[in-house]
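Listed below are the residues making up each chain.
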Amino acid sequence: MTKHPPGALAALRDLCTPAGPPVPLFAHARRPFVRRLPYLLAWLFLIILLPTSTMVLGKDYGMQSDVALVVALGQTVPLLVAVRRPLLAWAVAFVFDVVGAAVLLAGPLPEDRPWPFPPMEIIGMLVLLLALALRERPRTLVAAWLLTAAAGAVFQGMAPEHARGTWVVLVVIGGLFLLVGAALRERGDARRALAEQETISEAERAHRTLLEERARIARELHDVVAHHMSVITVQADSAPYRIEGLPDAAREEFGAIAATARESLTEMRRLLGVLRSAETGGERAPQPELGRLPQLVEATVRAGVPVELTMPPTDAALPPAVDLSAYRIVQEALANVVRHAPGAATRVSVSADPHGTGLMVLVVNAAPPRADVPPLETGGTGHGLVGMRERVRLLGGTLDTGPLPGGGFRVAARLPFTTEEESSSA
């Protein structure tokens, strides 16, 4: 049968357990100097306190030189350990402080020297208490403070004639150090948690933006595909009435095509129907096309952006997805110009590529004419560029965006008329 430890033993074990892994103090600091600062301070105090404690304990307090060296080492070497394990360092130094006070009490103690804690021991213990506060939990800090106060009170009761009240100074200043260190630790933990939350929020925001753009593209493509599926269904249903002399096998085949198309259309609407949310109002309006670019450019000019449109007339019908995506890319690019570079001269060009296998879309804007005019948006969410990339990716095209050397921005997209799967199947 398993025996659980009593409550007091479990609490003691919890107090003796470090709050975290032995990571150096200030290890999360951005500046390298701040990360090295605990080591520099530990070595500095060690170099100062070790010879001072050895000399003072031996000459001023009459302690044997060998014993004085051992006690001084036990009180100062933990300063180096405190960089990674402040709880262990404080415990070792506290034990040697108590041992040193007991050894001094056992011998002829000078009347004019502070006891039970000489000044150099107080300095070392204050440094260790500050390091302890920067790492450990509040209950551990309270336990360390109470032990320090209890040790001083016990020695005060054992030899009140030798006590000079230095332990009270250690307790008071040590308590202040613990409060300051704990406040600094809480502040650092809060800043790190906030930075981590901001990083997570930024990733979630980018992912949500991508999903929103994909949902909008899916809604638009749903309209295109639904139109074609509806045409297939109508043609298959009406074929037996439009074509005379069809054999029964052909009639059955047309019926099967119509049924399959109707079932596919139903399943597609059921799958993508959730994308037509109440907020968008179902987006029942006809989807825009390149033929409406002049109206878009005119609206942009009225917004204060001079735009030059180059779009050679053509009678060739574009694939619906290419037509829609080209319009949306120009629309997003012009919206970005209005938001981030108000008044900048912009050139829009839409043409077929040299091989006639795709559509080239180019939107180039210069730097704003007046540097003192602030942009309407300085940061933005990146919805425009994300939407462009998704549209081009779905069509198997290419997109090139980026700032220009002399100022301004460039958006260049190539939208193929057929995807690789369609070309291979053909």
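Up top is the structure these notes are about.
Chains are numbered independently. Their residues run from 1 in the order of the written sequence. The predicted nature of this model means local features are confined to residues of pLDDT at least 70 and side-chain atom pairs, given and counted, to a pLDDT of 80 or more, with totals for whole chains, interfaces and linings taken over all residues. No hydrogens and no water enter the side-chain calculation; it runs on all heavy atoms of the structure.

K.L.:
Can you help me understand helix 2 (residues 32–60) in this one?
P.N.:
Three or four residues apart is the spacing at which side chains of an α-helix point the same way, because the helix has 3.6 residues per turn. Strands are runs of DSSP state E lasting at least two residues, helices are runs of H or I lasting at least four, and both sets are numbered from the N terminus onward. For a helix, the expected span equals 1.5 Å multiplied by the residue count minus one. If you check helix 2, its first and last C-alpha atoms are 41 Å apart, about what 29 residues at 1.5 Å a residue would give, namely 42 Å. Two axes define the bend at a residue: one fitted to the seven residues ending there, one fitted to the seven starting there, and the bend is the angle between them. Along helix 2, the largest kink reaches about 30° and is centred on P38. Relative accessibility thresholds used throughout: buried, under 20% of the residue-type maximum; exposed, over 50%; partly exposed, between the two (1.4 Å probe, protein chains only). Taken residue by residue, helix 2 has P38, A42, L46, L49, S53, V56 and L57 as its buried positions. In what follows, a contact means two residues having at least one pair of non-hydrogen atoms within 4.5 Å. Residues of helix 2 that are buried sit in contact with helix 3 (65–76), helix 4 (78–81), helix 5 (86–106) and helix 6 (119–133). At the C-terminal side of helix 2, G62 shows a positive phi close to 75°.

K.L.:
Can you help me understand the packing of aromatic side chains in this one?
P.N.:
Think of a pair of aromatic rings as described by two things: how far the centres are apart, and how the planes are tilted against each other in angle. We call Phe, Tyr and Trp rings a pair once their centres come within 6.5 Å, taking the six-membered ring for Trp, and we label the pair stacked below 30 degrees between planes, edge-to-face above 60, and tilted otherwise. Counted according to the given criterion, the structure contains two aromatic pairs. Measuring from ring centre to ring centre gives 5.0 Å for W90 and F94, while their planes differ by 15°; the resulting arrangement is stacked. Taken together, the residues W90 and F94, both in helix 5 and four residues apart, mark about one turn of the helix. Take W90: its relative accessible area is 6%, and that puts it in the buried class. Taking the centre distance of 5.4 Å and the plane angle of 75° together, the rings of W115 and F155 count as edge-to-face. With W115 in the loop between helix 5 and helix 6 and F155 in helix 7 (residues 138–158), this pair connects stretches of sequence that are 40 residues apart. Taking relative accessible area as the criterion, W115 reaches 0% and is therefore assigned buried.

K.L.:
Would you take a moment to explain a nonpolar patch on the surface for this structure?
P.N.:
A cluster of nonpolar residues, V168, V169, V172, I173, L176, F177 and L179, forms a patch on the protein surface that exposes about 580 Å² of accessible area. Structurally, the position occupied by I173 is in helix 8 (residues 166–242). Exposure above 30% relative accessible area and no salt bridge define the residues that can form patches, which grow by joining like charges within 9 Å and nonpolar side chains of Val, Leu, Ile, Met, Phe, Trp and Tyr within 5 Å. Residue-level accessible areas treat just the shown protein chains as cover; the underlying method is Shrake-Rupley with a 1.4 Å probe. A pair is scored as a salt bridge if a Lys or Arg side-chain nitrogen falls within 4 Å of a carboxyl oxygen belonging to Asp or Glu.

K.L.:
Sorry, what's going on with the pattern of salt bridges here?
P.N.:
Between side chains of opposite charge, pairing is possible as soon as their charged atoms come close. Counting across every chain of the model gives five salt bridges. With a shortest N-O distance of 3.3 Å, R185 and E186 are connected by a salt bridge. Take R185: its relative accessible area is 13%, and that puts it in the buried class. Residue E186 is classed as partly exposed on the basis of its relative accessible area of 42%.

K.L.:
What is the right way to read the pairing of strand 4 (residues 398–403) from this model?
P.N.:
A regular strand places its side chains so that they alternate between the two faces of the sheet. Two strands pair under a simple rule: DSSP has to find at least two bridges between them. With six bridges connecting them, strand 4 and strand 5 (residues 409–416) associate as antiparallel partners. Looking across to strand 5, one finds that T401 is bridged to V411. The hairpin formed by strand 4 and strand 5 contains five residues between the paired strands, and G407 there has a positive phi angle of roughly 100°.

K.L.:
Explain helix 10 (residues 293–302) to me, please; I cannot follow it from the model alone.
P.N.:
Among all positions of helix 10, only L293, L296, V297 and T300 are buried. The arc that holds the buried residues of helix 10, viewed along the axis, is 95°, so those residues lie on one side. The inward-facing, buried residues of helix 10 abut strand 1 (307–310), helix 11 (320–340) and strand 2 (346–352). With its phi angle positive at about 100°, G304 sits one or two positions after the end of helix 10. It is the directions from the helix axis to the C-beta atoms whose arc is reported.

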